[in-house]
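Understanding the architecture of this molecule
Spelled out, the chains give:
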Amino acid sequence: KQLTQLLNEYFNEMSEVLFRHGATIDKYIGDCIMAFWGAPVPQEDHAQRSVMAAFEMQKTIARLREGYLRRGWPAPTMGIGINTGVMSVGNMGSRYRVAYTVVGDAVNLAARLEALTRTYHVPILVSDATRADCRDIVFRTLDIVQVRGKHNRTLIFEPVCREQEMSDTRRK
């Protein structure tokens, strides 16, 4: 009963953040949320939106963590992997169940990046393609990796903050 309450609260809060940033929620997988931008309605700034959503989701999970600890529940953390690229989007499935979803190499890389957040001990990891499509965000270069299932190596970055926030910090 408590697990259901915890997950429902978590999914409600995170889904609200994603919708506020124009995401399409694909599915909930255990305690994971898979979302994407740019479909069904094209968004020129989809990479920027995804990183801004990730920043807000990290603030939201910190707030939720405090409340969960007060209730004696586990203190959740969250890793977010973001990639930008071409993917297939549409209704896919079988005659028994169909879902509006995305598939492709770009989707797989995002999932691999999410898994790498635990290795690099960072909350958010993005690919070079995502970094290149973002404006006014400061990134920290982390590594060049070869993820499972890929032949080419990928540059990975941690988004740190908006440039304005970095400037505000320097003035203090």
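Above: the structure in question.
Computed from a predicted structure; not experimentally measured.

Cut-off values and rules
- Residues numbered from 1 in each chain as written.
- Predicted model: local features only at pLDDT ≥ 70, side-chain atom pairs only at ≥ 80, totals over all residues.
- Heavy atoms only, no water.
- Helix = DSSP H or I, 4+ residues; strand = E, 2+ residues; numbered from the N terminus.
- Contact = heavy atoms within 4.5 Å.
- Core = buried A, V, L, I, M, F, W, Y, C linked by side-chain atoms within 4.5 Å.
- Buried < 20%, exposed > 50% of the residue type's maximum accessible area, 1.4 Å probe, protein only.
- Disulfide = S-S within 2.5 Å.
- Polar contact = N/O pair within 3.5 Å; in protein donor to acceptor, adjacent residues only side chain to side chain.
- Phe/Tyr/Trp six-rings, centres within 6.5 Å; stacked < 30°, edge-to-face > 60°.
- Lys NZ or Arg CZ within 6 Å of the ring centre and 35° of its normal.
- Pairing = 2+ DSSP bridges.
- Axes fitted to C-alpha atoms, helices over the stretch in contact; angles between N-to-C directions.
- Parallel < 35°, antiparallel > 145°, perpendicular 65-115°, else oblique.
- Left-handed = near helix turned anticlockwise from the far one by under 90°.
- Nonpolar A, V, L, I, M, F, W, Y, C, P; charged D, E, K, R; others polar.

Below, the discussion takes up the environment of G38. The residue G38 is located in the loop between β2 (32-36) and α2 (46-70) in this model. The spacing of G38 and A106 is 68 residues in sequence and 13 Å in space, taken between C-alpha atoms. Dropping the residues within four chain positions of it, G38 is found in contact with Q43 and H46.

What follows covers the nonpolar core. Counting 30 residues, the largest nonpolar core has Y10, M14 and L18 as its most contacted members. Tallying contributions element by element places α2 first for this core, with 10 residues. Those residues in contact with L18, other than ones at most four positions away along the chain, are A23, I25, I33, A35, W37, A53 and M57. V122, L125, V147 and I156 belong to the second largest nonpolar core, which has eight residues in total.

Turning to the state of the cysteines, a few remarks are in order. Scanning the entire structure with this criterion turns up zero disulfides. Counting only cysteine sulfurs, C134 is the nearest neighbor of C161, a cysteine outside any disulfide, at a range of 13 Å.

Position of T24 relative to the elements: it lies in strand β1 (residues 24-29). Only 2.7 Å separates the side chain of T24 from the backbone oxygen of A39, close enough to count as a polar contact. Setting aside residues up to four positions removed in sequence, T24 forms contacts with M34, A35, F36, A39, P40 and Y100.

Take the packing of aromatic side chains next. Under the defined criterion, the tally for this structure stands at five aromatic pairs. Considering the side-chain rings of Y68 and W73, the 5.4 Å spacing of their centres and the 50° angle between planes classify their relative orientation as tilted. Each member of the pair Y68 and W73 is classed as buried. Here a set of aromatic residues connected by ring pairs shows up, and it is made of Y10, F11 and Y28. The aromatic ring of F157 is capped on one face by R131, whose charged end is 4.8 Å from the ring centroid.

For the rest of this paragraph, the subject is the sheet that holds strand β3 (residues 80-82). Either a parallel or an antiparallel arrangement is found when strands of a sheet pair, and the pairing is made through backbone hydrogen bonds. If you trace the four strands from one edge of the open sheet to the other, you get β3-β6-β8-β7, paired in mixed fashion. Both edges of this open sheet fall to β3 and β7 (137-145), since each of them pairs with a single strand only. Going from strand to strand, the sheet's axes swing by 30° on average, the running direction of each strand aside. Two strands pair when backbone bridges link them, and strand β6 (residues 124-127) and strand β8 (residues 154-162) are joined in this way by two bridges, in the antiparallel orientation. Considered in β8, the bridge of S127 is made with I156. This element, α2, spans β3, β6, β7 and β8 of the sheet and lies at about 60° to β8. Here helix α3 (residues 105-120) sits on the sheet in contact with β3, β6, β7 and β8, set at roughly 135° to β6.

Two elements in contact, helix α1 (residues 2-20) and α2, have axes whose closest approach is 10 Å; the angle formed by their N-to-C orientations is 155°. By the angle class used here, α1 and α2 are roughly antiparallel. Once α1 is placed against α2, the crossing between them reads as right-handed. The residues of α2 that touch α1, namely those facing L6, E9, Y10, E13, M14, V17, L18 and R20, are A53, E56, M57, T60, I61, R63, L64 and Y68. Taken together, the residues of the contact of α1 with α2 break down into 10 nonpolar, one polar and five charged.

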